[in-house]
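In case you want the letters, here they are:
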Amino acid sequence: MARILTGIQSTGVPHLGNLLGALEPGVKLSEQKDNTAIFFIADLHSLTSLKEPQARIENIRSVAAAWLACGFDTHQGILFRQSDVPEVCELTWYLNCFAPFPMLANAHSFKDKSAKQGLSEVNAGLFTYPVLMAADILLYDTDIVPVGKDQIQHIEITRDIASSINHQHGEIFILPKAQVEEQVKVVPGIDGQKMSKSYGNTINVFEEEKKLKKSINRIITGSEPLEAPKNPDNCTVFQLYSLLADTSEINTLRNAYLEGNFGYGAAKQILFEKIMEKYEVPRQKYMTFMQNPESIETALRLGQDKARAYATSVLDRVREALGFGSII
Ligand code: AMP
Ligand code: TRP
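To start, this report covers the structure provided alongside it. (Residues numbered from 1 in each chain as written. Chains lettered and ligands numbered in written order. Predicted model: local features only at pLDDT ≥ 70, side-chain atom pairs only at ≥ 80, totals over all residues. Heavy atoms only, no water.)

By nearness alone, 14 residues border ligand 2, and Gly7, Tyr129, Met133, Asp136 and Gln151 come closest of all. A distance of 3.4 Å is found between an oxygen atom of ligand 2 and a side-chain nitrogen or oxygen belonging to Gln9. Side-chain polar atom of Gln151 to a nitrogen atom of ligand 2: 3.1 Å apart, as the coordinates give it. Starting from 370 Å² of accessible surface for ligand 2 in isolation, the protein chains cover 89%. Looking at the shell around ligand 2, the elements that each hand over two or more residues are β1 (2–9), β2 (35–42) and α8 (129–138). Classifying every residue of the shell around ligand 2 by side-chain character gives 8 nonpolar, 5 polar and 1 charged. (Near = heavy atom within 4 Å. Polar contact = N/O pair within 3.5 Å; in protein donor to acceptor, adjacent residues only side chain to side chain. Areas by Shrake-Rupley, 256 points an atom, 1.4 Å probe, with all protein chains shown as cover. Helix = DSSP H or I, 4+ residues; strand = E, 2+ residues; numbered from the N terminus. Nonpolar A, V, L, I, M, F, W, Y, C, P; charged D, E, K, R; others polar.)

Along helix α4 (residues 87–96), the residues that are buried comprise Glu87, Val88, Leu91, Thr92, Tyr94 and Leu95. Each buried residue of α4 sits inside an arc of 165 degrees when the element is viewed along its axis, so together they form one side. Next to the buried residues of α4 lie α2 (43–46), α8, α9 (152–169) and α15 (293–322). (Buried < 20%, exposed > 50% of the residue type's maximum accessible area, 1.4 Å probe, protein only. Arc of directions from axis to C-beta. Contact = heavy atoms within 4.5 Å.)

With that out of the way, let us pick up the packing of aromatic side chains. Counted under the stated rule, the structure contains 11 aromatic pairs. Measuring from ring centre to ring centre gives 5.5 Å for Phe80 and Tyr140, while their planes differ by 50 degrees; the resulting arrangement is tilted. Note that Phe80 is positioned in strand β3 (residues 78–81) and Tyr140 in the loop between α8 and β4 (144–146), a separation of 60 residues in sequence. What makes Phe80 buried here is its relative accessible area of 2%. Pairwise contacts between aromatic rings join Phe238, Tyr257, Phe262 and Tyr264 into one cluster. (Phe/Tyr/Trp six-rings, centres within 6.5 Å; stacked < 30°, edge-to-face > 60°.)

Right, let's talk about the pattern of salt bridges for a bit. When the charged atoms of two side chains lie near each other, side chains of opposite charge can form a pair. Evaluation of the coordinates by the stated rule reveals 12 salt bridges. Note that Lys278 and Glu24 form a salt bridge whose closest N and O atoms lie 3.0 Å from each other. In this pair, Lys278 is assigned in helix α13 (residues 264–278) and Glu24 in helix α1 (residues 16–30), connecting sequence segments 254 residues apart. The partner of Lys194 in a salt bridge is Asp150, with the nearest N and O atoms 3.1 Å apart. Pair noted here: Lys194 is in the loop between β5 (177–179) and α10 (209–217) and Asp150 is in the loop between β4 and α9, with a separation of 44 residues, a long-range link. Linked by salt bridges that have partners in common, Arg81, Asp84, Glu297 and Arg301 make up one network. (Salt bridge = Lys/Arg side-chain N within 4 Å of Asp/Glu carboxyl O.)

The local shell around ligand 1 holds 17 residues, among which Asn18, Gly148, Asp150, Val187 and Met195 are the closest. At 3.0 Å from an oxygen atom of ligand 1 is found a side-chain nitrogen or oxygen belonging to Asn18. Here an oxygen atom of ligand 1 and a side-chain polar atom of Asp150 are 2.5 Å apart. Sorting the residues of the shell around ligand 1 by element identifies β1 and α1 as the ones contributing at least two each. It is α1 that contributes the most residues to the shell around ligand 1, 4 residues altogether. Residues that form the shell around ligand 1 fall into these classes: 7 nonpolar, 7 polar and 3 charged.

Laid out in structure tokens, this is it:
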């Protein structure tokens, strides 16, 4: 029985990169009967950058709604809000005291932002971000963490901290493994860079149809004339389509590119139709959940109870091993 755990920050409405890179692979894993899936909304992590309470609440809603819309079964698995299990903050402190300073200074979450914005612009929460993430993972005896490629370093940090404590204090923690979907390691955004909210290049499949179409039309492509044959392999439209369509559909589009007399506008229309087809049901479900936040809150409360039961038993083990708690 493997425990699968993953989190998504509540920093915005999940985009296509989040869906293909994290949510959908996670839901697929949760459906395998020997797995226990533990999924959460990383609202504590979001505080490192997002300070606005109302925005956080809306984002928590939309991340939870996205998970539910993608078919996550909250009775079989666990869906909860990170801050609903405060035990994670206590474990973070213990782990902090074993995390070497240079390892955290080298974490890309901190390094990139502090290099770009200057040290005075980053906070200690961002510096210890990977430690809170390690606590998320270790608090539930996690075996597998499905994530995008950008998170691999954080899982390595988690393993380093856990093995160092295990080495000094006995086998307290299970060492987790990252699981990265090979095919969707990095989903490109409309400018061809990695799709990310911070680059402003996302495709939001839960958006209203017109806006969704507009963002697809903004995908940057080559400027060859209609008649010219085109190379599908360096075209973002084709790359995105390849992540959504089946092999014969992909081959048909590939041939259209190679033959010429086929413009980027037509390719974008095909991509748009594919997205609408694939996400028709999730889009409807997402809307229903968003209009009915009580149903989301109920799902999260159920998750909180289940998650806390796991968390308290692991934390008791850690406290005892480190000499906290009763002195008799
Ligand atoms: P974030 O939005 O950075 O909190 O990411 C949430 C999850 O989605 C993480 O597992 C990321 O690795 C994954 N993810 C985010 N953007 C992409 C992308 N462009 N391609 C693949 N996975 C992504
Ligand atoms: N840092 C992750 C991200 O930005 C979110 C996250 C927080 C997470 N805690 C986690 C992912 C634990 C996996 C496991 O994508």
